Amino acid sequence: MLQIKKIFISFLISTSIVFLLIPSHSVNALSDFPFIILSQYEENLDIGEQFYLVAFTSTGKQATWKSSDSKIASVNTYGIVTAKKAGIAIVTAKIKDAEASCEVKINKTNISLNKTTASVEHGETLRLSATTSNGSKVTWKSSRKSIAIVDEYGRVTGIKPGETIITASADGSSVICTLSVKLPTVKLNTINLTLYRGTSAKLSATVSSGVIPTWKSNKKSVAIVDATGNVTAIKNGTAIITATVDGVSQTCEIIVQKPEITLSSSQLTLKKGSKVTITASVSSNNKPTWTSSNTNIVTINSKGEITAVSKGKAYVYAAEDGAKARCTVIVTE
């Protein structure tokens, strides 16, 4: 503001001296030819900057102001010019029968970005920073928010694997960073397990992105898995357990094996009406199911107690998850 005052005062002093030196009849002649003198005739600004353009008129009347493009540079009634966007505008001061113009050039805002390419994983955060040539505020945008998002401070967060463009903008200028959200690496603590029916085991996955995997069994009738990787064997057979993160999967083969059953006796001879208990050793430690081939001859309960009913021959069986062992029982009178 002090500089503007100095310019204005210097114009007044200079003009006053000129008028004092000119004869009065010449001054009257000058009034027939009005003119305007500006404090400057060209200016270079950054967007958002202002400057004060002073107009001295020979008639002493206040000039009116106009911009050739107010979207580029606007001017108010006092000659204050404001830079709006990059380009060139002509600011004109006008009185009756006279005008003078100043060419105002508005510089394009330059943006510097700390990264033009970057990569993160799902859930990982990266900070982008941008500076502008005129100190104006930067706005941020992601072209694919399903891949990665960016906040008002340039902090980028990966959402899922893929590629997106992060744009930093200011005053109509923009620069971009190509961002890739990488596929994670997934590793299981084991790729195969052997279990008996009813037993469980814990699978764990190491994921580079730290994202919790989803677990799935391809044969729930054989083995099931919960959300934390706990596997439970249901019946003998083979099932594949899969851990998946963002489309990347690793598998573990689960074999639910048949148990081995050993009976305390393979053959018994009983008198009609007598009882005896047979035992079974099962490798899975599960209790077997007992059955008789002919309950008219022998019966057997859940504890393995055999009862001789009538004369003849029958078989009793101990069964567990597809495995079976047999004892021959002969009943005499």
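Use the structure listed above.
The paragraphs below set out a description of the structure included in this document. On a predicted model such as this, the values are computed, not experimentally measured, just so you know. (Residues numbered from 1 in each chain as written. Predicted model: local features only at pLDDT ≥ 70, side-chain atom pairs only at ≥ 80, totals over all residues. Heavy atoms only, no water.)

1. Some remarks on the overall build of the protein
Helix and strand content of the protein: 2 helices and 36 strands. Rg of the C-alpha trace for the protein: 47 Å, well past the compact-globule value of 20 Å for 333 residues, more than 25% over. A principal-axis box enclosing the C-alpha atoms of the protein has dimensions of 165 × 30 × 25 Å. Looking at the protein as a whole, 35% of its 333 residues qualify as buried. In the protein, the share of contacts with a sequence separation of at least 24, taken over all contacts with a separation of at least 6, comes to 51%. Total accessible area on the protein stands at roughly 19100 Å², and carbon and sulfur atoms take up 51% of it. Seen as two clouds, the 37 positive and the 23 negative side-chain charges of the protein have centres 15 Å apart. (Helix = DSSP H or I, 4+ residues; strand = E, 2+ residues; numbered from the N terminus. Rg over C-alpha atoms; globule rule 2.2 N^0.38 Å. Buried < 20%, exposed > 50% of the residue type's maximum accessible area, 1.4 Å probe, protein only. Contact = heavy atoms within 4.5 Å. Areas by Shrake-Rupley, 256 points an atom, 1.4 Å probe, with all protein chains shown as cover. Lys, Arg positive; Asp, Glu negative; His and termini not counted. Charge placed at Lys NZ, Arg CZ, Asp CG, Glu CD.)

2. Brief notes about the pairing of strand β25 (residues 230-233)
Residues V231 and A233 point to one face of β25 and are all buried, whereas N230 and T232, pointing to the other face, are not buried. Pairing of strand β21 (residues 200-202) with β25, which is carried by 3 bridges, proceeds in the antiparallel orientation. Considered in β25, the bridge of A201 is made with V231. Bridge count for strand β24 (residues 223-225) against β25 is 3 bridges, and the pairing is antiparallel. Residue I224 lies in a different strand from β25, and its bridge partner there is T232. Two successive antiparallel strands, β24 and β25, enclose a turn made up of 4 residues, where G229 displays a positive phi of approximately 95°. (Pairing = 2+ DSSP bridges.)

3. As for the sheet that holds strand β35 (residues 312-320)
One open sheet holds the 4 strands; their spatial order is β29-β36-β35-β32, and the pairing between them is mixed. Strands with a single pairing partner mark the edges of an open sheet, and in this sheet they are β29 (267-271) and β32 (289-292). Sheet twist, expressed as the average angle between the axes of neighbouring strands with direction ignored, equals 25°. Inspection of the sheet shows β35 paired to strand β36 (residues 323-332) by 9 bridges, in the antiparallel sense. Pairing of A314 across the sheet is with V329, part of β36. (Axes fitted to C-alpha atoms, helices over the stretch in contact; angles between N-to-C directions.)

4. Here's the deal with the nonpolar core
Ranked by internal contacts, the top residues of the largest apolar core, which has 22 residues, are V81, V104 and I106. When residues of this core are traced back to their parent elements, those giving at least two are β1 (36-38), β6 (73-75), β7 (80-83), β8 (87-95) and β9 (98-107). Here the element with the most residues in this core is β9; it accounts for 5 residues. Residues within four places of V104 in sequence aside, it is in contact with E43, L45, F51, A73, V81, G87, I88, A89 and V91. (Core = buried A, V, L, I, M, F, W, Y, C linked by side-chain atoms within 4.5 Å.)

5. Side note on the pattern of salt bridges
Any two side chains of opposite charge can pair, given that their charged atoms come close. Evaluated as defined, the whole model comprises 3 salt bridges. Note that E99 and K94 form a salt bridge whose closest N and O atoms lie 4.0 Å from each other. Judged by relative accessible area, K94 falls into the partly exposed class, the value being 45%. Linking E320 and R197 is a salt bridge whose minimum nitrogen-to-oxygen distance equals 2.9 Å. Taken together, the positions of E320 in strand β35 and R197 in the loop between β20 (192-195) and β21 put the pair 123 residues apart, joining distant regions of the chain. (Salt bridge = Lys/Arg side-chain N within 4 Å of Asp/Glu carboxyl O.)

6. Some points on unusual backbone geometry
A positive phi angle is found at D97, which is not glycine, with a value near 70°. With respect to the secondary-structure elements, D97 resides in the loop between β8 and β9. Of the residues examined, D97 reaches a relative accessible area of 65% and is grouped as exposed. For D171, which is not a glycine, the phi torsion comes out positive at approximately 55°. On the secondary structure map, D171 appears in the loop between β17 (162-170) and β18 (173-182). Classification of D171 by relative accessible area gives partly exposed; the value is 33%.

7. Focus: the side chain of T82
Relative to the elements of secondary structure, T82 occurs in strand β7. A relative accessible area of 17% means that T82 is categorised as buried. Polar contacts involving the side chain of T82 include one to the side chain of Q50, which spans 2.8 Å. Excluding residues that lie within four positions of it along the chain, T82 makes contacts with E49, Q50, I72, A73 and S74. (Polar contact = N/O pair within 3.5 Å; in protein donor to acceptor, adjacent residues only side chain to side chain.)

8. Describing the sheet that holds strand β3 (residues 50-52)
Ordered in space as β3-β7-β6, the 3 strands form an open sheet in which the pairing is antiparallel. Strands at the two margins of the open sheet, each flanked by one partner only, are β3 and β6. In this sheet, adjacent strand axes meet at a mean angle of 20° when their direction is disregarded. Examined bridge by bridge, β6 and β7 share 3 bridges and lie antiparallel to one another. Bridging across to β7, A73 finds its partner in A83.

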